[in-house]
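# Observations on the three-dimensional arrangement
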Amino acid sequence: MSVAWKLAWRYLSGHKLRTTLTTLSIVLGVMIIFGLNSMIPAMERIVARQMMAAVSEVELSVRSVSGSPFDSQSLAVVQSAKGVQSATGILSQLVAIPEGLVRPAVDEYQVVKTVIVIGVDPDTVTAVRAFSISSGRFLESGDTTAVVLPVSLSQKLDLQPGDVWTLPSANGTVDLTVVGIFKPSMPALGTEEIYVPLAQVQSMLNLPDQISVVEAVLDANADKAAVNSAIQSELGSTFTLIAPDGDSEFSSAVQVGQAAFLLFGILSLAMGGFVIFNTFRTVVAERRRDIGLLRAVGASRRTIVLAILTETLLQGLMGSALGLLLGYLFALVLMMIVAPLAQKFLYMDMGAPIITLGNFLVALGLGLGITVLAGLIPALSASKTPPIEALRLESVGQVARKVRTRAIIGFVMIALAVIALITGSFNLAALGAVLFLAGVILAAPVLVRPLAETFGRLLNIFFAREGHLAQRNLARQPERAAVTALAMLIGLSIVVALAGVLSSTFGGFLSYLDRSLGADYLVMPTSLMLGGGNMGAAPGLAAELSQVEGVAGVTTLRLAYGKVDGTDLQVIGIDPQTYPVIAGLEFSRGEPAEAYAALDQERAIIVNGIFAATTGVQIDDLVTIMTPSGEQQYRIVGVGLDYLNAKLTTGYISQANLERDFLTTTDVLLMANAVDGADKSTVGARLTNLISAYPAFTLLESDTFYQAQVNIFKAALAMMYVMMAAMALPALIAMMNTLAINVIERTREIGVLRAVGSTRKQIRRMILAESLLLALFGTGLGILAGVWLSYVLVGAMNFSGFVMQFNFPWGGVLAGLAVGLIFGVLAATLPARQAARLDIIHALRFE
Amino acid sequence: MSLVETQQLTKVYGQGETEVLALDHVNLKIEAGEFVAVMGPSGCGKSTLLHLVGGLDRPTEGSVILNGHNLAALDDTRLTAVRRQQIGFIFQFFNLIPVLSAQENVSLPLVLDGARAGTAAQKATDWLTRLGLEDQCHRRPDQLSGGQQQRVAIARALISEPALVLADEPTGNLDSRAGDEVAGLLRRVVDEWGRSILMVTHDPRIAAYADRIIFLKDGRVIDETRLNAASVGEADRVKEKVEAL
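Nothing here was measured: the structure is a model prediction, and the numbers come from that model. (Residues numbered from 1 in each chain as written. Chains lettered and ligands numbered in written order. Predicted model: local features only at pLDDT ≥ 70, side-chain atom pairs only at ≥ 80, totals over all residues. Heavy atoms only, no water.)

## Let's talk about the overall build of chain B
The following threshold applies: Runs of H or I in DSSP of at least four residues are treated as helices and runs of E of at least two as strands, each being numbered from the N terminus. Three exposure classes are used, based on accessible area relative to the maximum for each residue type with a 1.4 Å probe and protein chains only: buried under 20%, partly exposed in between, and exposed over 50%. Contact between two residues is taken to exist if any of their heavy atoms lie within 4.5 Å; hydrogens are not considered. Only the protein chains shown count as cover for residues, and all accessible areas are computed by the Shrake-Rupley method using a 1.4 Å probe.
Each helix and strand counted, chain B has eight helices and ten strands in total. Looking at chain B as a whole, 56% of its 245 residues qualify as buried. Contacts in chain B between residues at least 24 apart in sequence constitute 69% of all its contacts with a sequence separation of at least 6. For chain B, the accessible surface area stands at approximately 10,400 Å², while carbon and sulfur atoms represent 44% of it.

## Here we look at the sheet that holds strand β10 (residues 220-226) of chain B
Residue and element names in this part refer to chain B. Selection rule: Pairing between two strands requires that DSSP report at least two bridges joining them. Whenever a helix is involved, its axis is fitted only over the stretch in contact; in every case the axis is a line through C-alpha atoms, and angles between N-to-C directions fall within 0 to 180 degrees.
Pairing in this open sheet of six strands is mixed, and the strands run β6-β7-β8-β3-β9-β10 from one edge to the other. Every other strand in the sheet has two partners, leaving β6 (87-90) and β10 as the edge strands with one partner each. Here the average twist between neighbouring strands, direction ignored, is 20 degrees. Relative to strand β7 (residues 164-168), β6 runs parallel, the two sharing four bridges. Residue pairing across strands places Phe89 opposite Leu166, the latter belonging to β7. Relative to strand β8 (residues 196-200), helix α6 (residues 176-191) is tilted by about 150 degrees, and along the sheet it contacts β3 (35-39), β6, β7 and β8.

## Quick word on the sheet that holds strand β1 (residues 4-13) of chain B
Residues and elements named next belong to chain B. The antiparallel open sheet is built from four strands, whose spatial order is β2-β1-β4-β5. Each edge of the sheet is formed by a strand with only one pairing partner; in this case those strands are β2 (20-30) and β5 (69-70). Bridge count between β1 and strand β4 (residues 61-66): five bridges; the pairing is antiparallel. Bridged to Thr10 within β4 is Glu61. Sheet strands touched by helix α1 (residues 46-53): β1, β2 and β4. Its angle to β1, the strand with the most contacts, is close to 120 degrees.

## Structural notes on helix α27 (residues 810-836) of chain A
Selection criterion: Here the expected length of a helix is defined as 1.5 Å per residue gap, with one fewer gap than residues. Fitting one axis to the seven residues ending at a residue and another to the seven starting there, the bend at that residue is the angle between the two axes.
Taking 1.5 Å as the rise per residue, α27(A) with 27 residues should run 39 Å; its terminal C-alpha atoms sit 38 Å apart, in good agreement. The axis of α27(A) is deflected most strongly, by about 40 degrees, at Thr829(A), and proline Pro831(A) appears within four residues downstream.

## A word on the interface of chain B and chain A
Our working definition: Buried area is understood as the total, over both parts, of accessible area removed when two parts are fitted together, assessed with a 1.4 Å probe. Any carboxyl oxygen of Asp or Glu that lies within 4 Å of a side-chain nitrogen of Lys or Arg is treated as forming a salt bridge with it. N or O atoms closer than or at 3.5 Å make up a polar contact, with two conditions inside protein: a donor-capable atom paired with an acceptor-capable one, and, for residues adjacent in sequence, both atoms drawn from side chains. Residues were grouped as follows: Ala, Val, Leu, Ile, Met, Phe, Trp, Tyr, Cys and Pro as nonpolar; Asp, Glu, Lys and Arg as charged; and all remaining residues, including Gly, as polar.
Contacts between the two partners involve 25 residues from chain B and, on the opposite side, 21 residues from chain A. Surface buried jointly by chain B and chain A totals about 2,100 Å² across both partners, of which 65% is contributed by carbon and sulfur atoms. On the chain B side of the interface with chain A, the three residues burying the most area are Leu56(B), Val99(B) and Leu112(B), jointly 24% of the side's total. Summed over the shared surface of chain B and chain A, the result is four salt bridges. Put simply, Glu104(B) and Lys6(A) hold a salt bridge, and the shortest N to O gap is 3.4 Å. Counting every contact that joins chain B to chain A gives eight residue pairs in polar contact (both at pLDDT 80 or more). If you list the elements that add at least two residues to the side of chain B that touches chain A, you get α2 (76-86) and α3 (102-112) of chain B. Broken down by element, the side of chain B that touches chain A gets its largest block of residues, five residues, from α3(B). Classifying every residue of the side of chain B that touches chain A gives 14 nonpolar, four polar and seven charged.

## A word on the pairing of β8(B)
Residue and element names in this part refer to chain B. Condition: When the strands point away from the viewer and the connection leading from the first strand across the helix to the second strand turns clockwise, the crossover is called right-handed.
Here β8 lies mainly inside the structure; five of its five residues are buried. Of the pairings in the sheet, the one linking β3 to β8 comprises four bridges and is parallel in character. Opposite Phe35, over in β8, you have Ile197 as the bridge partner. Looking at chain direction, β7 and β8 are connected through five bridges and run parallel. Across the sheet, the residue bridging to Leu166 is Leu198, located in β8. A crossover connection joins β7 to the parallel β8 through α6; in handedness this β-α-β unit is right-handed.

## Overview of the side chain of Thr171(B)
Tracing the backbone shows Thr171(B) in the loop between β7 and α6. In this view, Thr171(B) contacts Gly179(B), Val182(B) and Ile206(B); residues no more than four positions away in its chain are not counted.

## Brief notes about the packing of aromatic side chains
Residue and element names in this part refer to chain A. We apply this condition: Note on aromatic contacts: the rings of Phe and Tyr and the six-membered ring of Trp form a pair at centre separations within 6.5 Å, being stacked when their planes are under 30 degrees apart, edge-to-face when over 60 apart, and tilted otherwise.
Counted by the stated rule, this structure contains eleven aromatic pairs over all chains. Judged by centre distance (6.3 Å) and plane angle (80 degrees), the rings of Phe34 and Phe360 are edge-to-face. Taken together, the residues span a long stretch of sequence, with Phe34 in helix α2 (residues 16-51) and Phe360 in helix α11 (residues 357-384) at a distance of 326 residues. On the accessibility criterion, Phe34 (3% relative accessible area) is buried. On the numbers, 5.7 Å between centres and 80 degrees between planes, the contact of Phe587 with Tyr596 is edge-to-face. Just as Phe587 is buried, Tyr596 falls in that class too.

## Observations concerning the packing of helix α5 (residues 146-158) of chain B against α6(B)
Residue and element names in this part refer to chain B. Definition in use: Roughly parallel here means an angle under 35 degrees, roughly antiparallel means over 145, roughly perpendicular means 65 to 115, and every remaining angle is called oblique. When the near helix sits turned anticlockwise from the far one by under a right angle, the crossing is termed left-handed; a clockwise turn instead gives a right-handed crossing.
Remark: α5 packs on α6, axes separated minimally by 10 Å, with the N-to-C direction vectors making an angle of 15 degrees. Of the possible angle classes, the one that applies to α5 and α6 is roughly parallel. Relative to α6, α5 is oriented so that their crossing is right-handed. Contacts between α5 and α6 involve Gly147, Gln150, Arg151, Ile154 and Leu158 from the former and Ala178, Glu181, Val182, Leu185, Leu186 and Val189 from the latter. When grouped by side-chain class, the residues that make up the contact of α5 with α6 number seven nonpolar, two polar and two charged.

## Some words on empty space enclosed by the protein
Residues and elements named next belong to chain A. Heads up, the rule is: A cavity here means a set of points on a 1 Å grid, drawn over the protein atoms and nothing else, where a 1.4 Å probe fits but cannot get out; a pocket is an open set with protein on both sides within 12 Å along at least five of seven lines, and a residue lines either one if it has an atom within 4 Å of a point. Grid points are joined across faces, edges and corners, and a volume is the space filled by probe spheres set on the points.
The tally for this structure, following the rule as stated, stands at seven cavities of 30 Å³ or more. By volume, the largest cavity is sized at about 120 Å³. For the largest cavity, the lining is made up of 13 residues, of which Tyr11, Arg287, Ile291, Ala307 and Ile308 are closest to its centre. Going through the elements one at a time, α1 (2-14), α8 (248-286), α9 (288-296) and α10 (301-346) are the ones with two or more residues in the lining of the largest cavity. In terms of residue count, the dominant contributor to the lining of the largest cavity is α10 (four residues). Counted by class, the lining of the largest cavity contains ten nonpolar, no polar and three charged residues.

Shown next, in the form of structure tokens:
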């Protein structure tokens, strides 16, 4: 084993450029996985801290299984249970403070745009929670508009006992008077909590007689398990004595983000694996004499395998270690950049990245694993070579035979893929995409020469003499050229495929936007995430809007949460009469007219595509929804979605059923149409005047909103293109690596060229021409594979309920071409300089 | 019993139209303590013979018996062990591992055989000292002259005290002075350290150091000559013989 480590270290340190490039390919993948996923626990911690009980005195918490507020009558059940010393009902909600009500902060970087409003009964809460009052007093029985703040918040906003703070309410605004300042037992990591009398919060949120949790302390000698059991039995299965998960919408987004980051990182690592594989294949070929010598003097096959795997392991260790360090720094910088956006749109303070053992081990394991795996085939291949074969050149005949056999299989697969696409069947097309990629990988070495000649004709316009040499160089080592081009192919096919999906999604979502938010006027809440701390409005606002002169009709959306088989379900309440007229859902299954009619007549539900795809439900199936008022069965009457709720499992029911089963009558979004022929700006001015009393809402004309969404999409697309270019970075490293190896191998040949009169500039141009050929080879195949993949992915999204048309990714194709050519030039830079600087005598003597 | 005996040893490369008969039913014996040279024109099968005797390749027909063991019957693991313990190799292009020092190159066979690093290093230093390279122990191959590199290769070939040393054109890459030095060393390997040597060479001057010369042509043994190394002019006699054949 010491021989293996010694040889590994010596060989690695003897080829610094190659070692650096190979290691870099691993650094990138590990950096992405570790760095991006270090941000996730920080975000989860913020959410978890929001949901924790304020003090440790609370021994029992009762919530509804659905996660929604529930009738306060349940409090009496808990209060009267044996073993319960004291119990109190609490209603709390994250509240976003609209711009007009944001209070200037002492420090401009600590502007408060969100608070958690906690409604408590002053008579009972102090028996369950302890408050350390540092100034003023706590809430008292009889208080109506009092508020108690934590000391940190009072310092940020310069609010002292006696000051008034205006917050949004379902009835417009409410002026709260500060009566006391308290010192929390735990510092808030994100949004701070304020305490207000329960009745006031119930009014602010339009949730009369409702609470979100019952908290209790038990008698000193109470058997907690027995108490829990008795209470659970009394309350029924609608309630749970376990704390619910955090903000489900945010947690879902975080989980999706985590999966996306991991996928992104694994793809980068996979391309890094190509680089390692290519490098070690070349290394094994280069060292055939050394390997033959080792076998001749008695090294076993196992020793040869171990020696090469040790070298890959060392590379993996170096790359992973550096990747972990850079990953943490990357996350730190990224969080510093994202923090203001998170504060503005998600109302969260990000904090610092958190290193978890799990993330560390996953990143390290993947980095090491992929490196060693990539080196395994070359290692095994080296060990199987008999000593005598390793002491002479591999015969061309044998190489040609191996490559030909694989190429035949590859072409057959490509032909089958084309046939599959022509059939028009989506499933076959999907299989065809996989066959195409696999076929190209197998046939690539045979394609090198003809494609090099084809692209070479174009190249020879700019590189007359050097281009011919470049073609010959590539054709001499077709397998190495093919593997390098494949790294480019994979990187670019992903770029183009994602571009196709994004542009199709863009088009699809704009059509949803047209349908579901196409009303003349939108009365929008602060956050587009409907549950994201928006205050909402009591039904009175909708009634007032409909009375405004020039308004033809008003419809609203209401929001509640339930559970289906333990999975969260966002429930949107719509008016089946007015909603289809003013807005509407994009249906993929079911008859719209029948579906809306059913909503009005029975417990019926229209589910969105994600729900239908994940549960496999069909029209007329019954689903059981856990609501605050118990389990209710709803019949599925359609599958459709609207712009705002496409990404969460969502169901649409009538507002009457929402009130009956979920106890909610709060409007979170209102839409209105103008009378035909009315002056829209005049009507808009009247509406603006009306909702000025509701600062939690903003009036937007649909054109303005549409344009704002288009701008957001474009910005997101631009960011995605940048990220996708980053994904192609490992391909760049692969190309640089191959070119550097080529230069070393052809040292003597370059020496001869220089000796017979080639200038340094011509040598550089030869390397550049080779690089561009490789780039064109990989780019051409990558674009082809990418367009195919994007077609398949869009089809898959249609299948999962996101109905959209396939948009040919012109942008992605152009971006792919640009990336390919730029990388072709960049990859040649160092190797070309290296080649041009070779000392002629030294090069001629090179073995 | 001879140290090495080949029986109807045959090697064919390629298939069909590209088939090449490199060795054609060769029978020969090498006794313990004997220095045998193999000569012949390019492509006559000299190196092939060496590779088969050394277990670097497998014969198409026939067998190689080394110390009573039929090499063709051994699996790869046992054959590798034979190479490690009973055979030493000296190649034309030295074949030293470029990233290891002279001492590390010499100690390779022992280390691969499981010897402790310290013991192997000490033995390597002893052999390098015997061959006049005590000051070069820690230099890498690219820091040594051709002659020095070949002496390192000889030390590596001898460190495991093999019964048989195989040398494939050991002076082919050296100037005449260095070549004579190496040939003289090989003579010492037989006379002082009691090993047997089978050497392939095209140089009559070097072949004259041997006890016996076998001449190959078209894969067959066409002649053998016994030499008297003490006799002056043996090199000329060998040269005449080569030209006659």
